[in-house]
Every structure is written in C-alpha cells, then in structure tokens.
Amino acid sequence: MSVVIGLDVGTSGARAMAFDADGRLVARHQVAFAHPPYVPAPGLAEQDPAEWWFAGAECLTKLSSDLAGRPVAAISVDSTSGTFVPVDVVGAPLHPALMYNDNRAKGLEAAVNEAAGDFCDRLGYTFPPAFALVKLAWIAKEQPELLARTAKFLHPADWLVGQLTGDFNVTDTSNALKSGVDLITGHWPDFIEDKLGISLEKLPRIVRPGEQVGDVSKAAAAHTGLQQGNPVIAGASHG
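The sections below set out a description of the structure shown in this document. (Residues numbered from 1 in each chain as written. Predicted model: local features only at pLDDT ≥ 70, side-chain atom pairs only at ≥ 80, totals over all residues. Heavy atoms only, no water.)

### With respect to the overall build of the chain
Counting secondary structure elements, the chain contains eight helices and 12 strands. For the chain, the C-alpha radius of gyration of 18 Å lies close to 18 Å, the compact-globule estimate for 239 residues. Principal axes of the C-alpha set define a box for the chain whose edges measure 55 × 35 × 30 Å. For the chain, the proportion of contacts with a sequence separation of at least 24, taken over those separated by at least 6, is 63%. Carbon and sulfur atoms make up 54% of the accessible area of the chain, which totals about 10,200 Å². Counting 18 positive and 27 negative side-chain charges, the chain places the centres of these two groups 3 Å from one another. (Helix = DSSP H or I, 4+ residues; strand = E, 2+ residues; numbered from the N terminus. Rg over C-alpha atoms; globule rule 2.2 N^0.38 Å. Contact = heavy atoms within 4.5 Å. Areas by Shrake-Rupley, 256 points an atom, 1.4 Å probe, with all protein chains shown as cover. Lys, Arg positive; Asp, Glu negative; His and termini not counted. Charge placed at Lys NZ, Arg CZ, Asp CG, Glu CD.)

Written as structure tokens, this is what we have:
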C-alpha cells in the first residue's frame, strides 16, 4: 500500500511523517536545526535557509529508510508563514531569510496599507509590520541593490519545493497570504509593482494547496532516498 509524506519546517526544526491511505501513521522523524534563528540586532530575526534543507533532507532520508521501498503517492511541504528568502536564478539565497517575527519594517505598514487601497477592504485584513509584504517594501526602500539582484522571493516551503523538484518559482496561496497574494483571484495584485516598486516577476507563480507542482528530481532522490518522479504537491502554511 502506498503512503503520502508530509514535510513540515518550523522555527526550530523539521518533521516528516508518512501515512497510509487509511490515515494511519506509518513512520515519522524529527530533526532540530543545528542553528536556530538568530538576532543580528535588536528587532531583527534571521536564519540560514540551509538549515531548513539539512534538517528536512535528514528527516526524509530516515523516513525513506523506514519505508524500505514502499511506494510514495505524493509528498507535500508546509512551513511557517511570513518568512521569506531572496534567491538568485538558480535558487541560491542572496541574504539570510527574514523571519516572520523580524520587525525591521515597523513603521512602513501604513504606507503599504495605503498602497493596497481597496485590496484590504475586499480581502478583509491589513498588513502589519510582521507580514512579509511590509518587509519586502522595506527591502525595496532600504536595500534596492538586493532587490535588483533578487530573481525570486520565496517562502520556506517554496524553497524546499525547489530543492525537491528543481523549480524555484512556485508558491501556494496559503504561504503567500502575508506576501500580498489575492486569495480570491489567485494572482499577485498590481499595487505591489505599481505602488511598492517590487516587480511581480520577482514573485513566484501561484497555485492552490493540493495542486501538483512537480516531481522529485534525480538530485533530490539521491539526497533523500525518495524515488525520482515522486509527485510533489503544494502544501500550506502552518501558522
């Protein structure tokens, strides 16, 4: 009987679980990050994205060993929302990830919400400084050279999907909520580019949770023990 695998990456570590078609837990593993998020200055919170993959890949390797060749119907990744990392064209991080609790953009939220206009009224929420979109606006304002070098801004789940599939250009509506995605249309709203100066080309394509986003690559299979070609399904934020 085949299983489905879920990989969850949080603030302090990664967890992977495998369930059969009846919802029974078949195997699970948890690995703590060697280096938790750090505070380079008061109010800041950053993390090396490599921690996500080191711990996540170790979880998947142990899980694959326990499954001993049992077929995998699909694998999905979820992560903490509000965190993001700027990457280059091959998915290499250009800066430590800005964590969900990073507060460097405090004071810009009013300008971001004004730029959003009726978007906030239509969606029913505003953007506080901890939301990724406000921090993206901070980068556009305070670090334009980083903005210029960035190919994509990715959430942790997006970047891990890239590690599994080789595609560093996909996100889901759940993880992207705090980055400003329009949950109704499933698109990035124009005000992000027109009013905040962040090209929409720097934001990944959007799918809904549950959609297939790719397959496990040959390189990821060698690194994790998963089978090349295992379907990778869009997950969601866990908070």
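Picking up after the structure, the text goes on.
### A word on the nonpolar core
Core analysis: the largest hydrophobic core is formed by 40 residues, its most contacted members being Ile 5, Trp 52, Leu 60, Ile 75, Trp 159 and Leu 164. Residue contributions to this core peak at eight residues, all from helix H1 (residues 50–67). Core analysis: the second largest hydrophobic core is formed by 33 residues, Ala 105, Phe 131, Trp 138 and Ile 206 among them. (Core = buried A, V, L, I, M, F, W, Y, C linked by side-chain atoms within 4.5 Å. Buried < 20%, exposed > 50% of the residue type's maximum accessible area, 1.4 Å probe, protein only.)

### Side note on helix H4 (residues 132–142)
Most of H4 is tucked away, with nine of its 11 residues classed as buried. Here H4 has its buried residues at Ala 132, Leu 133, Val 134, Lys 135, Leu 136, Ala 137, Trp 138, Ile 139 and Ala 140. Tucked into the core, H4 has its buried residues touching strand S7 (97–98), helix H2 (109–116), helix H5 (144–149), strand S8 (152–154) and helix H7 (191–194).

### Thoughts on the packing of H1 against helix H6 (residues 156–165)
The contact between H1 and H6 brings their axes to 10 Å, and the two run at 55°. By the angle between their axes, H1 is oblique relative to H6. The handedness of the crossing between H1 and H6 comes out as right-handed. Across from Ala 50, Trp 52, Trp 53 and Leu 60 in H1, the residues of H6 making contact are Pro 156, Trp 159, Leu 160, Gln 163 and Leu 164. The residue makeup of the contact of H1 with H6, split by class, is eight nonpolar, one polar and no charged. (Axes fitted to C-alpha atoms, helices over the stretch in contact; angles between N-to-C directions. Parallel < 35°, antiparallel > 145°, perpendicular 65-115°, else oblique. Left-handed = near helix turned anticlockwise from the far one by under 90°. Nonpolar A, V, L, I, M, F, W, Y, C, P; charged D, E, K, R; others polar.)

### Focus on the pattern of salt bridges
Applying the stated rule across the entire model yields nine salt bridges. Between Glu 46 and Arg 104 there is a salt bridge, with its nearest N and O atoms 2.8 Å apart. Of the two residues, Glu 46 is situated in strand S4 (residues 46–47) and Arg 104 in the loop between S7 and H2; the sequence distance between them amounts to 58 residues. With relative accessibility at 14%, the residue Arg 104 sits in the buried group. (Salt bridge = Lys/Arg side-chain N within 4 Å of Asp/Glu carboxyl O.)

### Looking at the environment of Pro 36
By the element assignment, Pro 36 lies in the loop between strand S3 (25–32) and S4. On a C-alpha basis, the gap between Pro 36 and Glu 51 in space is 8.2 Å, while along the polypeptide they are 15 residues apart.

### As for the sheet that holds strand S1 (residues 3–9)
If you trace the six strands from one edge of the open sheet to the other, you get S3-S2-S1-S5-S12-S11, paired in mixed fashion. The sheet is open, and its two borders are formed by S3 and strand S11 (212–215), each paired with just one other strand. Neighbour-to-neighbour, the strand axes of this sheet turn through a mean angle of 20°, independent of strand direction. Here S1 pairs with strand S2 (residues 13–20) via seven bridges, running antiparallel. Pairing of Val 3 across the sheet is with Asp 20, part of S2. Lying over the sheet, H1 contacts S1, S2, S3 and strand S5 (72–79), oriented at roughly 150° with respect to S3. (Pairing = 2+ DSSP bridges.)

### Here's the deal with empty space enclosed by the protein
One pass over the full model with this rule turns up three cavities of 30 Å³ or more. What the largest cavity holds in volume is close to 70 Å³. Lining the largest cavity we find Val 77, Ala 157, Asp 158, Val 161, Val 170, Thr 171, Asp 172, Asn 175, Val 213, Ala 234 and Gly 235. Within the residue set of the lining of the largest cavity, elements represented by two or more residues are H6, strand S9 (170–172) and strand S12 (231–237). For the lining of the largest cavity, the residue count by class is six nonpolar, three polar and two charged. Considered as a void within the structure, the second largest cavity measures approximately 50 Å³ in volume. Across the lining of the second largest cavity, the residue classes tally to five nonpolar, six polar and no charged. (1 Å grid on protein atoms, 1.4 Å probe; cavity = no way out; pocket = protein on both sides within 12 Å on 5 of 7 lines; lining within 4 Å. Points joined across faces, edges and corners; volume = space filled by probe spheres on them.)

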